[in-house]
Amino acid sequence: MKNIILTGFMGTGKTSVSRELSRITGFPSMDSDAEIVAREKMSINDIFAKKGEKFFRDVETAIIKEISKLHDVIISTGGGAVLRVQNIEALKTNGVVVCLTASPEEILRRTKGDSGRPLLQVEDPLSKINELLTKRMPYYERADIMLETEGKTPRQIAEEILKEIGWKP
Ligand code: S3P
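Note that the coordinates shown come from a computational prediction; the quantities given were computed from them, not determined experimentally.

Parameters at a glance
Residues numbered from 1 in each chain as written. Predicted model: local features only at pLDDT ≥ 70, side-chain atom pairs only at ≥ 80, totals over all residues. Heavy atoms only, no water. Core = buried A, V, L, I, M, F, W, Y, C linked by side-chain atoms within 4.5 Å. Buried < 20%, exposed > 50% of the residue type's maximum accessible area, 1.4 Å probe, protein only. Helix = DSSP H or I, 4+ residues; strand = E, 2+ residues; numbered from the N terminus. Near = heavy atom within 4 Å. Polar contact = N/O pair within 3.5 Å; in protein donor to acceptor, adjacent residues only side chain to side chain. Areas by Shrake-Rupley, 256 points an atom, 1.4 Å probe, with all protein chains shown as cover. Nonpolar A, V, L, I, M, F, W, Y, C, P; charged D, E, K, R; others polar. Salt bridge = Lys/Arg side-chain N within 4 Å of Asp/Glu carboxyl O. Pairing = 2+ DSSP bridges. Contact = heavy atoms within 4.5 Å. Arc of directions from axis to C-beta.

> Would you mind showing me how to read the nonpolar core here?
Phe-9, Ile-75 and Ile-129 are the most contacted members of the largest nonpolar core, which has 31 residues in total. Those elements giving two or more residues to this core turn out to be helix H3 (44–51), helix H4 (53–67), helix H5 (85–93), strand E4 (95–101), helix H6 (104–111) and helix H7 (125–140). The greatest single-element share of this core, amounting to 5 residues, is contributed by H4. One finds Leu-21, Val-98, Ile-145 and Leu-147 within the second-largest nonpolar core, a separate group that totals 15 residues.

> Is there a simple way to explain the site of the ligand in this structure?
In the neighbourhood of the ligand, 14 residues make up the surrounding shell, with Lys-14, Asp-33, Arg-57, Arg-117 and Arg-136 lying closest. Arg-57 is positioned with one of its side-chain polar atoms (N or O) 2.6 Å from an oxygen atom of the ligand. At 2.7 Å, a side-chain N or O of Arg-136 approaches an oxygen atom of the ligand. When the free accessible area of the ligand is taken as 380 Å², the share hidden by the protein chains comes to 95%. Broken down by secondary-structure element, the contributors of at least two residues to the shell around the ligand are H3 and H4. Considered class by class, the residues forming the shell around the ligand number 6 nonpolar, 3 polar and 5 charged.

> Would you mind showing me how to read the pattern of salt bridges here?
Side-chain pairs of opposite charge can arise where the charged atoms are in close proximity. Tallied over the full model, the rule gives 17 salt bridges. Here Lys-50 and Asp-46 are joined by a salt bridge, their closest N and O atoms 3.9 Å apart. Of this pair, Lys-50 and Asp-46 both sit in helix H3, 4 residues apart, which is roughly one turn of the helix. Classification of Asp-46 as partly exposed rests on a relative accessible area of 30%. Between Glu-106 and Arg-109 there is a salt bridge, with its nearest N and O atoms 2.8 Å apart. In this pair, Glu-106 and Arg-109 both sit in helix H6, 3 residues apart, roughly one turn of the helix. We classify Glu-106 as buried; its relative accessible area is 14%. On the accessibility criterion, Arg-109 (55% relative accessible area) is exposed. Bridged by salt links that share partners, the residues Glu-20, Arg-23, Arg-155 and Glu-159 form one connected network.

> I keep staring at the pairing of strand E5 (residues 145–148) and nothing clicks. Help me out?
Across a regular strand the side chains alternate sides, sitting on one face of the sheet and then on the other. Residues Ile-145 and Leu-147 of E5 are buried on one face, while the alternating residues Met-146 and Glu-148, pointing to the opposite face, are not. Bridge analysis of E4 against E5 gives 4 bridges, and the strand direction is parallel. Within the sheet, the bridge partner assigned to Leu-100 lies in E5 and is Leu-147.

> I tried to follow the side chain of Ser-68 on my own but got confused; where do I start?
Note on placement: Ser-68 falls in the loop between H4 and strand E3 (74–76). We classify Ser-68 as buried; its relative accessible area is 5%. A polar atom in the side chain of Ser-68 sits 3.4 Å from the backbone nitrogen of Leu-91. Those residues in contact with Ser-68, other than ones at most four positions away along the chain, are Asn-3, Ala-90, Leu-91, Thr-93 and Asn-94.

> I'm lost on H5 in this one. Help?
Residues that lie three or four places apart on an α-helix share one face, since the helix turns once every 3.6 residues. All buried positions along H5 are accounted for by Asn-87, Ile-88, Ala-90 and Leu-91. Down the axis, H5 shows its buried residues gathered within 160 degrees of arc, on one side only. Seen from the open side of H5, the exposed residues pointing more than 90 degrees away from its buried face are Gln-86 and Thr-93.

> How should the pairing of E4 be read in this particular structure?
Within E4, 7 of the 7 residues are buried, leaving the element largely enclosed by the surrounding structure. Every second residue of E4 is oriented toward a common face, with Gly-95, Val-97, Cys-99 and Thr-101 on one face and Val-96, Val-98 and Leu-100 on the other, all of them buried. As defined by bridge partners, strand E1 (residues 3–8) adjoins E4 across 6 bridges and the pair is classed as parallel. Note that in E4 the partner of Gly-8 across the bridge is Leu-100.

If you want it as structure tokens, here you go:
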């Protein structure tokens, strides 16, 4: 099987859908943010605060380069991983890239109360979400498949992805 890579904005459900995909297919799932935290032994918030976003993006690119070489894995990525086109290109070499989408209001609802996302720790998170979404959309659209997630469970989304790529047990 080709790797399945999940991209998309914060709060679009990448991590929970990747776990669901792993449960159905039996292939392991991994998360680029979790790999970054494990490697740096620091939370995402601390990495942003103490080392800056550029450092975070450099580690993210290095990790993505490594995990892109794997086979038969489900990979969820951080919402900004698409910003470097080299990341998407690396991920596409062994895999199909699926971008999960949701409306700004739904993203706000899903991310509210979670202080682990430094980019949304601002006074007006909804306008920040709108601003980032507008800026990032051309990058998200480089995915092979775009999938709307609103009103669907992670299980339904995972099944939709597997149907779309023609996966058979
Ligand atoms: C980011 C998204 C986060 C994490 C970091 C930066 C972004 O991942 O990588 O806070 O730039 O959109 P999630 O999309 O898993 O929240």
